[in-house]
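Coordinate analysis (summary)
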Amino acid sequence: MIRYLRLFRIQLRASVLLAMQYRGDFVLDGVLEVLFVAPSIVPLVVVFDQRSSIFGWTFPEALVVVGFFHFLNALVEGAINPSLLAVVEHVRKGTLDFVLLKPADAQFLVSTARFQMWKATNVLSALLIWAFAFHRMGHWPRPLDVLVAVTMLGLSVTILYSLWIITVSTAFYVVRIDNLTYLFDSIFDAARWPSSVFRGVLRIVFTFVIPLGVMTTFPAEALLGRLSLQALGGAAVGAFLAALLARVVFQRALGRYTSAGG
Amino acid sequence: MIEVRSLRKEYRVHKRAPGLAAALRSVFRRTYETIVAVDDVSFEVAAGERVGFLGPNGAGKTTTLKMLAGLLHPTSGEAHVDGHLPRKRERAFLEKIMLVMGQKQQLLWDLPPAETFELNRAIYDVPRAQYQETMAELDELLELGELVKKPTRQLSLGERMKCELAAALVHRPKVLFLDEPTIGLDVSMQASMRAFVKRYNERWNATILLTSHYMEDVLALCPRVVVIDKGQLSYDGTLEALVRRLRPEKRLILRLGAEVAEGDLARYGKVVEHEKLRVTLQIAHADVREVVPAMLAAFPVVDLTVEDPPLEEVMSELFARTRAAREKSEKAEKVGKTETSNDEKGDEA
């Protein structure tokens, strides 16, 4: 465990060095990410202009969901997508050989291969949105609610990461999966809305297949102090099963690796 | 150190005829073909040995190396490297080996090679003191100097290859698989690579299995060669014995002071090459003692050297013979089958 923490630190260090190498990108992307916060709230402002609550969510409460959306988005774009694209490239060129030759867990190595530091500014956007939302509500979250929300966020990240690993595993079968990241991004975009706004088939899909509701709505409910213990338990079981499934799928996919050029 | 028993690797590949119509058809109905990349290959390599693993393109060399390194899973048969089953990818196994590929690189493209070395040090858990000692040695042998501080993308191919090799050796592997490590390098860089590999092998008693299309690499590094062609083993033994078996003749290379008629030269041996004042003659090994003084006496010889036939020729001869033998046995098999089916028909009648 300590060894893997050390490895994580060293992988992160390489990404930081890379970010420093291209500091122009660092500044520009950071500024852009903060500027994009405003347009991301516009749809919400338009909807709530007509009524004070939608499906039990007031405007500031819905903003808490948007905050979690930004937080997870920072993670997707900063830690998940860059590594995902790197794995696809590795499989296509056959350079995954070097990952598999290393005496460390292959899933760990590919998952921590590349981070885009400047996307971390999105976390700042999330903090700003939460601050604004709770200011509008006129009270701050209770420490226990913050603790539950952080736990729930951990589960959300686990689910998101598992979905990503399963997506990556398809690269071993179909090689070109670059477009899947766009699909992933556009589906994930729906996570900016509280899950109760979805009805019918979409609700089932976004709860069980791609659990967007669990990812952003559950942590928001936790922070607002109204997440039930059953929901938290359900999310924990779901996250565990997703991680297990991702592990099995990735290991099987590795067995299918044929390398390239020779 | 390395034991390979009846190793076999099959690939299932999608096959289609050229053209748009065939491409469209293949979208709906795919036909697959099983390609046997490695077929029943067995050999052993002792600790500290340097073995050349040779064969034409597509012979199955790289596939075998990748199975030995644990990257590919064999279809059947077994390989053991220092007591480990490579496909299990055990940590103890991966810490002992390394595969260097001349056509692929592990160095982080936008960062200096020193960063990759540091990353590998952490992954392989190399103690700081040992790491510094190894890096100092590699620096001296490969003359890395300031190279390790420049971003990889700014290095030349040769410089990059030196750093690739250094990155691969940070953990001092006991078994080194080298897959065309000198490809694309200039002659002097090839020579220094060879010298380095030899010194590494002698210094650490490392086992080395090398594939290369440059016969110079093989001549300089590998007392023993294992040859495969179309996935099958066609020779395993010393280079000298291979040359003696296939081309027992010697080559006399003469530089003459004046032109000589080919007919006169042919009396001493087979004229392989005759270009004005330069002549290459092929003679039986046993005749060298007699022919050399006779030719010196008969012709205005300025310079004379006696050599083995080029290794490239020996290899092509080996491949040609193996293929001819294989075709013959396949034909015999086909005839046998036809006869059997005719017999069966006869029985039915």
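Numbers given to residues run from 1 along each chain, matching the order in which its sequence is written. For naming, the first written chain is A and the first written ligand is 1, with later ones following in the order written. Per-residue local features of the predicted model are confined to residues with pLDDT of at least 70, and side-chain atom pairs are confined, for both listing and counting, to 80 or more; whole-chain, interface and lining totals are unaffected and use all residues. As a rule here, side-chain values come from all non-hydrogen atoms in the structure, and water together with hydrogens is ignored.

1. What to know about the overall build of chain A
Each helix and strand counted, chain A has 13 helices and two strands in total. Summary of the burial criterion: residues with accessible area below 20% of their type's maximum are buried, those above 50% are exposed, and those between are partly exposed, where the area comes from a 1.4 Å probe applied to protein chains only. Evaluated residue by residue, chain A yields a buried proportion of 48% over its 262 residues. We call two residues in contact whenever any of their non-hydrogen atoms come within 4.5 Å of each other. Contacts in chain A between residues at least 24 apart in sequence constitute 81% of all its contacts with a sequence separation of at least 6. Computed by Shrake-Rupley with a 1.4 Å probe, the accessible areas treat only the displayed protein chains as cover when residues are assessed. A total accessible area of about 12,800 Å² is found for chain A, and carbon and sulfur atoms account for 69% of it. Every helix listed is a DSSP run of H or I at least four residues long, and every strand listed is a run of E at least two residues long, numbered separately from the N terminus.

2. A short note on the sheet that holds strand E6 (residues 175-179) of chain B
Residues and elements named next belong to chain B. Across the sheet, six strands lie side by side as E5-E6-E7-E3-E8-E9; this open sheet has mixed pairing. The open sheet terminates on both sides in strands that have one partner only, identified here as strand E5 (97-101) and strand E9 (232-238). Strand-to-strand twist of the sheet, defined as the mean angle between neighbouring strand axes without regard to direction, takes the value 15 degrees. Pairing between two strands requires that DSSP report at least two bridges joining them. Alignment of strand E3 (residues 50-54) against strand E7 (residues 207-211), held across three bridges, turns out to be parallel. Residue pairing for E7: Arg50 is matched across the bridge by Ile208. For helices, the axis comes from a line fit to the C-alpha atoms of the stretch in contact; other axes are also lines fit to C-alpha atoms, and the angle between any two N-to-C directions lies between 0 and 180 degrees. Running at roughly 135 degrees to E3, helix H7 (residues 187-204) makes contact with E3, E6 and E7 of the sheet.

3. Notes on empty space enclosed by the protein
All names here are of chain B. Space inside and on the surface of the protein is sampled on a 1 Å grid over the protein atoms alone, with a cavity defined as a set of points where a 1.4 Å probe fits but cannot get out and a pocket as an open set with protein on both sides within 12 Å along at least 5 of 7 lines; lining residues have an atom within 4 Å of a point. Grid points are joined across faces, edges and corners, and a volume is the space filled by probe spheres set on the points. Within this structure, the stated rule accounts for four cavities of 30 Å³ or more. When its volume is computed, the largest cavity comes out at roughly 60 Å³. Taken together, Met67, Leu72, Pro74, Gly77, Glu78, Ala79, Leu85, Pro86 and Arg87 form the lining of the largest cavity. Residue contributions to the lining of the largest cavity peak at three residues, all from strand E4 (residues 76-81). In this structure, the second largest cavity occupies an estimated 40 Å³ of space. Lining the second largest cavity are Pro181, Thr182, Met193, Arg194, Val197, Leu210, Asp217 and Leu221.

4. Thoughts on the side chain of Glu180(B)
Residue and element names in this part refer to chain B. With respect to the helices, strands and loops of the structure, Glu180 is situated in the loop between E6 and H7. As a buried residue without a salt bridge, Glu180 has its nearest oppositely charged side chain in Lys61, at a separation of 5.0 Å. Residues within four places of Glu180 in sequence aside, it is in contact with Gly102, Gln103, Thr211, Ser212 and His213. Only four residue types enter the charge count: Lys and Arg as positive, Asp and Glu as negative, with His and the chain ends excluded. The term salt bridge refers to a side-chain nitrogen of Lys or Arg lying within 4 Å of a carboxyl oxygen of Asp or Glu.

5. Some details on the sheet that holds strand E11 (residues 270-275) of chain B
All names here are of chain B. If you trace the four strands from one edge of the open sheet to the other, you get E11-E12-E10-E13, paired in antiparallel fashion. Edge positions in the open sheet fall to E11 and strand E13 (301-307), since each of these has one partner strand only. Pairwise comparison of adjacent strand axes, ignoring direction, gives a mean angle of 15 degrees for this sheet. Pairing geometry for strand E10 (residues 250-256) and E13, over six bridges, is antiparallel. Its bridge partner being in E13, Leu254 is matched across the sheet by Leu304. Here helix H11 (residues 288-298) sits on the sheet in contact with E10, strand E12 (278-283) and E13, set at roughly 170 degrees to E13.

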